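Chain residues, written in single-letter form:
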Amino acid sequence: MSDSNATTRVSGKRASSASSKSEAKSSLPSTGFSSNTTVGTTKDLNLLDLPPETKNLQTLDTTKTVNQQHTPQTYTAETSNDFPFALHFLANFHHICVFTALLPLVTLFTCFVTAYVFQYDEVHETHCRVYNIVPSISAITGVSPQRYFWRFSIALHLGPRLPIAFIYKNYYRIMLAKLQKERPEKVGNSMYVVYLILVLNCIEIASLGGVTYISNRENYPIHEKIFITFMICSLCHMLATIKLNDIIHEDHTELTQLQRDSIKWKKILFAMSILSTIGLLIFFAKHRFYCHDLAFSWFAFFEYLIAIANMLFHFTIILDFPFQYMLVVQGPRAKLEEIFRKSLAKLD
């Protein structure tokens, strides 16, 4: 009897101990994890041996730690200081502009010399069958292999021209913003002139590509219309650029020598383009309607002057941006804008 009573008492203690442990376990706050999930270290498993207040605090800390581990980290303007910056491309903008402006000029000279020497009869052929000594640009760039050389160079030339057009737009906007602070009455509607210059420049670039890849031998009517568009947009772009520079730099007192040279050469080249256009129209009419001797040669001569003046007008970009660089940088946009705004404020 005594042995059975002792066994009964031991079993009762074990049962009561197990029931108390299960009640204590059920009284703990839920952490959102299943029973077969292990969280934290081995110390977290001995919560039953701690006071109730300590149990609750340690359980909450464990839950907070797990939530932090599973929450994705986001980068904002405040945390962007820790974000790595990377410079992927850095080039001298002056060198890019020189290459872009001189490439078609050198190519045109090469096409002229090679076509004049090796394909003289082919490039001087016209519908009038009269005597000529100077072939047109369309003639020397429309024969093979010069046409491929010319088209390849224009493709390389047009690539940087579009970014340069937008660089000029931002440059003029900054200059007008400075003028707005100093003399707001001078600004007026000048911002519309900036966008007009951008549109004319883009149309001129597209027209140059059109007259290059649609030759007069393949489709003369389309080639002629695109060439007229190129001429009009080129002259209007020159005039609008000169007008805007006169508004921005009215007194010319704060200009550097390079800026003065840029404005001076722009005006000279624009005048050269106007006079050459008048001569081109006169001799084109003489050639087209009267078939005068050498009329087409004079037409071609003025065409070369227009092309050279146009190239040199765009070449003045090396005077407008003599020390700039073109870069491609990786980093948070908010931080980059902040850096450039501070740099611009220092320049002001």
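Residues numbered from 1 in each chain as written. Predicted model: local features only at pLDDT ≥ 70, side-chain atom pairs only at ≥ 80, totals over all residues. Heavy atoms only, no water.

Draft legend 1. Quick peek at the UniProt feature "transmembrane region" (unreviewed entry) in the protein chain. The UniProt feature table records "transmembrane region" (unreviewed entry) at residues 96–118, 192–214, 226–248, 268–285 and 297–319. Regarding residues 96–118, the helix share stands at 100% and the strand share at 0%, and the terminal C-alpha atoms are separated by 33 Å. Across residues 297–319, the secondary structure splits into 96% helix and 0% strand, with the terminal C-alpha atoms separated by 34 Å. (UniProt positions renumbered as here; feature names shortened; annotations may be inferred. Helix = DSSP H or I, 4+ residues; strand = E, 2+ residues; numbered from the N terminus.)

Draft legend 2. Structural context of the confidence of the model for the protein chain. Of all residues in the protein chain, 74% have pLDDT values of 70 or greater, and the mean over the chain is 79. Every residue in residues 1–50 scores below 50 in pLDDT, and together they form 21 contacts with partners more than four places removed in sequence or on other chains. Low pLDDT, under 50, characterises residues 54–80; the stretch is placed with 23 contacts to residues that sit more than four places away or in other chains. (pLDDT = per-residue confidence, 0-100. Contact = heavy atoms within 4.5 Å.)

Draft legend 3. Representation of the packing of aromatic side chains within the structure. All chains considered together, the criterion is met by 16 aromatic pairs. Ring centres 5.5 Å apart and planes at 55° place the aromatic pair Tyr-171 and Tyr-172 in the tilted group. The pair Tyr-171 / Tyr-172 is uniform in exposure class, with both members buried. For the ring pair Tyr-171 and Phe-321, a centre distance of 5.0 Å and an interplane angle of 70° mean the geometry is edge-to-face. One end of the pair, Tyr-171, is in helix H6 (residues 146–182); the other, Phe-321, is in the loop between helix H11 (317–320) and strand S2 (325–330), with 150 residues separating them in the sequence. By the burial criterion, Tyr-171 is buried, and Phe-321 matches it. Three or more aromatic residues joined by ring pairs form one cluster here, namely Phe-93, Tyr-168, Tyr-171, Tyr-172 and Phe-321. Positioned over the ring face of Tyr-148 is Arg-147, at 5.6 Å from the centre of the ring. Lying across the ring of Phe-313, Lys-266 places its NZ or CZ 5.8 Å from the centre. (Phe/Tyr/Trp six-rings, centres within 6.5 Å; stacked < 30°, edge-to-face > 60°. Buried < 20%, exposed > 50% of the residue type's maximum accessible area, 1.4 Å probe, protein only. Lys NZ or Arg CZ within 6 Å of the ring centre and 35° of its normal.)

Draft legend 4. Geometry of the state of the cysteines. In total, this model carries 0 disulfides according to the counting rule given. Considering cysteine sulfurs only, Cys-236 is the nearest to Cys-233, which forms no disulfide, with 6.6 Å between them. (Disulfide = S-S within 2.5 Å.)

Draft legend 5. Spatial organisation of empty space enclosed by the protein. On inspection of all chains with the given rule, the structure shows 3 cavities of 30 Å³ or more. Estimates place the volume of the largest cavity at around 420 Å³. Along the wall of the largest cavity there are 27 residues; nearest its centre are Ile-137, Trp-150, Leu-208, Val-211 and Phe-230. Listed by contribution, the elements that provide at least two residues to the lining of the largest cavity are helix H3 (93–118), helix H5 (137–140), H6, helix H7 (190–213), helix H8 (220–248) and helix H10 (295–315). With 6 residues, the top contributor of residues to the lining of the largest cavity is H10. Its residues assigned to classes, the lining of the largest cavity comprises 14 nonpolar, 10 polar and 3 charged. Empty space within the second largest cavity amounts to approximately 210 Å³. As for the second largest cavity, its lining consists of 18 residues, of which Ile-164, Tyr-168, Asn-201, His-314 and Ile-317 are closest to the centre. Put simply, the parts of the chain that give the lining of the second largest cavity at least two residues each are H3, H6, H7, H8 and H10. (1 Å grid on protein atoms, 1.4 Å probe; cavity = no way out; pocket = protein on both sides within 12 Å on 5 of 7 lines; lining within 4 Å. Points joined across faces, edges and corners; volume = space filled by probe spheres on them. Nonpolar A, V, L, I, M, F, W, Y, C, P; charged D, E, K, R; others polar.)

Draft legend 6. Broad picture of the packing of H3 against H6. Where H3 meets H6, the axes come as close as 9 Å, and the angle between the chain directions of the two elements is 155°. The orientation of H3 relative to H6 falls into the category roughly antiparallel. For the crossing formed where H3 meets H6, the hand is left-handed. Here Phe-93, Ile-96, Cys-97, Thr-100, Leu-103, Pro-104, Thr-107, Leu-108, Thr-110, Cys-111, Thr-114 and Ala-115 of H3 lie close against H6, whose contacting residues are Gln-146, Phe-149, Trp-150, Ser-153, Ile-154, Leu-156, His-157, Pro-160, Arg-161, Ile-164 and Ile-167. Classifying every residue of the contact of H3 with H6 gives 15 nonpolar, 7 polar and 1 charged. (Axes fitted to C-alpha atoms, helices over the stretch in contact; angles between N-to-C directions. Parallel < 35°, antiparallel > 145°, perpendicular 65-115°, else oblique. Left-handed = near helix turned anticlockwise from the far one by under 90°.)

Draft legend 7. How the structure looks around the packing of H8 against helix H9 (residues 257–290). Where H8 meets H9, the axes come as close as 10 Å, and the angle between the chain directions of the two elements is 150°. With respect to H9, the element H8 is oriented roughly antiparallel. For the pair H8 and H9, the crossing hand works out as left-handed. Counting all contacts with H8, which are made through Tyr-220, Glu-224, Met-231, Leu-235, Met-238, Leu-239, Thr-241, Ile-242, Asn-245 and Asp-246, the residues of H9 involved are Ile-263, Lys-266, Lys-267, Phe-270, Ser-273, Ile-274, Thr-277, Phe-284 and Arg-288. Residues belonging to the contact of H8 with H9 are distributed by class as follows: 10 nonpolar, 4 polar and 5 charged.

Draft legend 8. Seen up close, the pattern of salt bridges. In this structure the tally under the stated criterion is 8 salt bridges. Between Glu-224 and Arg-288 there is a salt bridge, and its shortest N-O distance comes to 3.6 Å. Within this pair, whereas Glu-224 is found in helix H8, its partner Arg-288 is found in helix H9, the two being separated by 64 residues in sequence. Of the residues examined, Arg-288 reaches a relative accessible area of 35% and is grouped as partly exposed. (Salt bridge = Lys/Arg side-chain N within 4 Å of Asp/Glu carboxyl O.)

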